[in-house]
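Coordinates in review
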Amino acid sequence: MAGEPQADCLFCKIVAGEVPATIVRETETTVAFRDINPQAPTHILVIPKVHYANARELATAEPAIAGDVLREAGELAAEEKVDTTGYRIVFNTGPGAGQTIFHAHAHLLGGCDLQRLV
Ligand code: 5GP
Ligand code: ZN
């Protein structure tokens, strides 16, 4: 069923506590944890607890939870004190864009000079 945990999904396993992660914050609907391979001094993944393959599917099925993910990313930027220097919130979507885990997630990147792509 849409949104249900997937047995073969790494991020569902992190939500369930079956795979360890450095969890920074958790809400009723989201979990935020440090990326295992950080690309910036602050590199946090914010994920919905429900399983959707990407940001578009999440936002279509659960717009309020998509909002929760965005709000958490912004609040974590402030908590990590990268809000004054600037930060980026990225949703890679599709293998061609570098998505490797097909459970919607926001990358929060900050704390250094971020390469300008767009
Ligand atoms: P994507 O490339 O799909 O946008 O992002 C997936 C991210 O998950 C990558 O930045 C990768 O480093 C991170 N990642 C992959 N496996 C793990 C893991 O087991 N634990 C954590 N904390 N991050 C992971
Ligand atoms: Zn999942």
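Structure first, text after, so check above.
Rules used in this analysis
- Residues numbered from 1 in each chain as written.
- Chains lettered and ligands numbered in written order.
- Predicted model: local features only at pLDDT ≥ 70, side-chain atom pairs only at ≥ 80, totals over all residues.
- Heavy atoms only, no water.
- Salt bridge = Lys/Arg side-chain N within 4 Å of Asp/Glu carboxyl O.
- Helix = DSSP H or I, 4+ residues; strand = E, 2+ residues; numbered from the N terminus.
- Buried < 20%, exposed > 50% of the residue type's maximum accessible area, 1.4 Å probe, protein only.
- Near = heavy atom within 4 Å.
- Polar contact = N/O pair within 3.5 Å; in protein donor to acceptor, adjacent residues only side chain to side chain.
- Areas by Shrake-Rupley, 256 points an atom, 1.4 Å probe, with all protein chains shown as cover.

Moving on, we get to the pattern of salt bridges. With the rule as written, the count across this model stands at seven salt bridges. Measuring nitrogen to oxygen at the nearest pair gives 2.7 Å for the salt bridge that ties E79 to R25. One end of the pair, E79, is in helix α3 (residues 63-79); the other, R25, is in strand β1 (residues 23-26), and 54 residues separate them in sequence. Relative accessible area serves as the criterion here: at 22%, R25 is assigned to the partly exposed category.

Residues in close proximity to ligand 1 total 15 residues, the closest being D35, G98, T100, H105 and H107. In this structure, G98 approaches ligand 1 through a main-chain N or O atom, which is 2.7 Å from an oxygen atom. At 2.7 Å, a backbone N or O of T100 approaches an oxygen atom of ligand 1. In the complex, the protein chains occlude 83% of the 520 Å² of accessible area that ligand 1 would expose alone.

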